[in-house]
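# Chain and residue survey
What follows is the residue order along each chain.
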Amino acid sequence: MAIVKGEKEYFEGIGEIRYEGKDTDNPLAFRYYDENRIVQGKTMKEYLKFACAYWHSFNGNGSDPFGEPTHIFPWDVKSDPVERAKDKMDAAFEFITKMNLPYYCFHDVDMVDYGPDVAENERRLRVLTDYALKKQEESGVKLLWGTANLFSNRRYMNGAITNPDFHVLSHGAAQVKAALDATIALGGENYVFWGGREGYMTLLNTDMKREKEHFARFLHTVRDYARKNGFKGTFFIEPKPCEPSKHQYDYDAETVIGFLRQYDLLGDFKLNLEVNHATLAGHTFQHELQVAADTGMLGSIDANRGDYQNGWDTDQFPNNINELVESMLIILEAGGFQGGGINFDAKIRRNSTDREDLFYAHIGGMDIFAKSLLVAEEILQKSDYAKLRKDRYASFDSGQGKAFEEGRLSLEDLRDYAASNGEPRLVSGRQEYLENLVNRYIF
Ligand code: XLS
Ligand code: NI
Ligand code: NI
């Protein structure tokens, strides 16, 4: 990939990150991510579709509720918001192209700071959209998805689209319109809704039914606008159970699918699943993936990991091989992502302050996904993993079990079968055998 820099080089001394194979001792090289290697009939680059999250990498400055920023960005200097945003975009594309990341994702306010004036914000975003378009053309980097930040501004403290005040809703809508226009202009392949404030803090002041109806009505309105304006991509809803709201409406995959079905939105919307959101909902990531896959709704993922001890979205870079191999098994069996890819919705730690740290983080994330993909493919090709699961259900493949599945048995029939066939034999679930099987291919 051609490295695309601005006037200034922000990550000086670091060149293009290349595949060097698993025995390299170069920490600034890929050991497993070989973008041209063919997996499942596609190159790894096309199969995994890695994306850089603009917000964590170029805006997140390391501050936390207890402390000031620790990441002092050399591109965050000029006083004019548009000029400052262009410098940031120079740095972003330099990083993305040096990293060989084929995609990126953004919120409107990641691209350029917004003020209180709707028309001025639209103008700023258009300038940066033109700037990004040139960079995309020069580099070949593409936009995986765009989105609007409807949670940081104080006007959204009671929700954006689910706010009890229509005036606030209209401001959310204006932001979505501009972000969607930018996504379309940049050839964005998808558009995301993550509703951190779409929920409530207490039912004492909340008409939940009405708020959810507003949200559904709005999604129809957006879909119609986008299709009219040539957007061919998929809309994704990103579930999360809580944080920052106490209760979020898009709790988890199952809840969102039910919502989309209830409001007749299944045709245009799929899911963007995030690892740390799954664990906050009390699920494994694998569970969320399987729920989505079973409904044909596995659109895209936000890759990161949580912390075993902390109960919030710590957004650390992924590094759990077992979790990811099990996840890739589900993704492979589902036939890959429906339109999306793997966005690193992850941030380096507050105390990771070397210029290289952002590179190490992405290299580690890309390598562990690549390795997991290879391991999962091997498990599916060489082991009896898939067959064992299928065989567990063999009693439904013929005879009375099959008749039941086809709806041909009454409750009396079921009773008679039990009465005449005695006590069922105990059949092992073989969990430890399967866990060892996965590890055998990892090692
Ligand atoms: C926050 C979400 C957010 C979305 C995009 O927890 O993960 O970053 O991915 O708005
Ligand atoms: Ni996310
Ligand atoms: Ni998140």
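Small disclaimer: the values here were computed from a predicted structure and weren't measured. (Residues numbered from 1 in each chain as written. Chains lettered and ligands numbered in written order. Predicted model: local features only at pLDDT ≥ 70, side-chain atom pairs only at ≥ 80, totals over all residues. Heavy atoms only, no water.)

The next thing to look at is the nonpolar core. One finds F95, Y104, F193 and F369 to be the most contacted residues of the largest nonpolar core, which totals 120 residues. Ranked by residues supplied to this core, first place goes to helix α12 (residues 357-382) with 13 residues. Those residues within four positions of F95 in sequence are excluded, and the remaining contacts are F11, C52, F58, L101, L358, F359 and H362. (Core = buried A, V, L, I, M, F, W, Y, C linked by side-chain atoms within 4.5 Å. Buried < 20%, exposed > 50% of the residue type's maximum accessible area, 1.4 Å probe, protein only. Helix = DSSP H or I, 4+ residues; strand = E, 2+ residues; numbered from the N terminus. Contact = heavy atoms within 4.5 Å.)

The geometry of helix α6 (residues 166-185) relative to helix α7 (residues 208-228) is characterised by a closest axis approach of 11 Å and an angle of 35° between their N-to-C directions. As α6 packs across α7, the resulting crossing turns out to be right-handed. Contacts between α6 and α7 involve A173, V176, K177, L180, D181 and I184 on the former and, on the latter, F218, V222, Y225 and A226. Of the residues belonging to the contact of α6 with α7, the class tally is eight nonpolar, no polar and two charged. (Axes fitted to C-alpha atoms, helices over the stretch in contact; angles between N-to-C directions. Left-handed = near helix turned anticlockwise from the far one by under 90°. Nonpolar A, V, L, I, M, F, W, Y, C, P; charged D, E, K, R; others polar.)

Our focus in this paragraph is the coordination of the nickel ion (ligand 3). Bound to the nickel ion (ligand 3) are the protein donor atoms E274 (OE), H277 (NE2) and D313 (OD), situated 2.1 to 2.3 Å from the metal. One chain supplies every donor for the nickel ion (ligand 3), spaced along it as E-x2-H-x35-D. (Donors = N, O, S within 2.8 Å, 3.2 Å for Na, K, Ca; no water.)

This part is about the site of ligand 1. Neighbouring ligand 1 are the residues W55, H107, W194, E238, K240, E274, H277, D302, D313 and D345. At 2.9 Å, a side-chain N or O of D313 approaches an oxygen atom of ligand 1. One of the side-chain nitrogen or oxygen atoms of D345 is found 2.8 Å away from an oxygen atom of ligand 1. Within the complex, the protein chains bury 94% of what would otherwise be the 290 Å² of accessible surface of ligand 1. For the shell around ligand 1, the class distribution of residues is two nonpolar, two polar and six charged. (Near = heavy atom within 4 Å. Polar contact = N/O pair within 3.5 Å; in protein donor to acceptor, adjacent residues only side chain to side chain. Areas by Shrake-Rupley, 256 points an atom, 1.4 Å probe, with all protein chains shown as cover.)

The subject of this paragraph is the coordination of the nickel ion (ligand 2). The protein atoms that coordinate the nickel ion (ligand 2) are E238 (OE), E274 (OE), D302 (OD) and D345 (OD), at distances of 2.0 to 2.1 Å. Around the nickel ion (ligand 2), the six donor atoms are arranged such that angles at the metal cover 82 to 175°; this shape is classified as octahedral. Here the donor residues of the nickel ion (ligand 2) are spaced in sequence according to E-x35-E-x27-D-x42-D. The metal-metal distance between the nickel ion (ligand 2) and the nickel ion (ligand 3) is 3.8 Å, with E274 serving as a donor to both. (Tetrahedral: all angles 85-135°; square planar, octahedral: opposite > 155°, others 65-115°.)

Let us look at unusual backbone geometry. With omega at 10°, the peptide bond leading from E243 into P244 counts as cis. Here P244 shows up in the loop between β8 (234-237) and β9 (247-248). Here D264, not a glycine, exhibits a phi torsion of approximately 60°, which is positive. Considering the arrangement of structural elements, one finds D264 in the loop between α8 (253-262) and β10 (269-274). Accessibility expressed as a relative area gives 62% for D264, which makes it exposed. Of note, the phi angle at D315 is positive, near 50°, even though the residue is not glycine. Position of D315 among the secondary structure elements: in the loop between β11 (298-303) and α11 (321-333). A relative accessible area of 7% means that D315 is categorised as buried.

Since there are 3.6 residues in each turn of an α-helix, residues three or four apart along the chain are aligned in direction. Compared with an ideal rise of 1.5 Å per residue, which puts 20 residues at 28 Å, α6 spans 28 Å between its outermost C-alpha atoms and is within 8% of the ideal. Along α6, the positions that sit buried rather than exposed are V168, L169, G172, Q175, V176, A178, A179, L180, A182 and T183. Once α6 ends, the next one or two residues include G187, with phi positive near 65°. (Expected span 1.5 Å × (residues − 1).)

What follows deals with the packing of aromatic side chains. Counting across every chain of the model gives 30 aromatic pairs. Measuring from ring centre to ring centre gives 5.3 Å for F93 and Y104, while their planes differ by 70°; the resulting arrangement is edge-to-face. Of this pair, F93 sits in helix α3 (residues 81-98) while Y104 sits in strand β4 (residues 103-107), and the two are 11 residues apart along the sequence. Both residues of the pair, F93 and Y104, count as buried. Ring centres of F259 and Y263 lie 5.1 Å apart, and the angle between their planes is 55°; this geometry places the pair in the tilted category. One aromatic cluster is present, formed by Y10, F11, Y54, F58, F73, W75, F93, F95, Y104, F106 and F359 through successive ring pairs. (Phe/Tyr/Trp six-rings, centres within 6.5 Å; stacked < 30°, edge-to-face > 60°.)

Assignment of secondary structure puts E274 in strand β10. Although buried, E274 forms no salt bridge, and the nearest oppositely charged side chain, K240, lies 5.9 Å from it. Only 2.8 Å separates the side chain of E274 from the side chain of N304, close enough to count as a polar contact. Once you skip the residues sitting within four places of it in the chain, E274 turns out to touch E238, F285, D302, N304, D313, D315 and D345. (Lys, Arg positive; Asp, Glu negative; His and termini not counted. Salt bridge = Lys/Arg side-chain N within 4 Å of Asp/Glu carboxyl O.)

The next point concerns the sheet that holds strand β12 (residues 342-344). Spatially, β3-β4-β5-β6-β8-β10-β11-β12 is the arrangement adopted by the eight strands of the closed barrel, whose pairing is parallel. For this sheet, the mean angle separating the axes of adjacent strands, direction not counted, is 30°. Two strands pair when backbone bridges link them, and strand β3 (residues 50-53) and β4 are joined in this way by three bridges, in the parallel orientation. In the strand pairing of β4, A51 is matched with Y103. (Pairing = 2+ DSSP bridges.)

Here the focus is the pairing of β3. On β3, burial covers both faces: F50 and C52 on one face and A51 and A53 on the other are all buried. Pairing of β3 with β12, which is carried by three bridges, proceeds in the parallel orientation. Of the residues in β12, the one forming a bridge with F50 is I342.

The next subject is the state of the cysteines. Here, the word disulfide means a covalent bond between the sulfur atoms of two cysteines. Per the stated rule, a full pass over the model turns up zero disulfides. Between C52, a free cysteine, and C105, which holds the nearest cysteine sulfur, the sulfur-to-sulfur gap is 8.5 Å. (Disulfide = S-S within 2.5 Å.)

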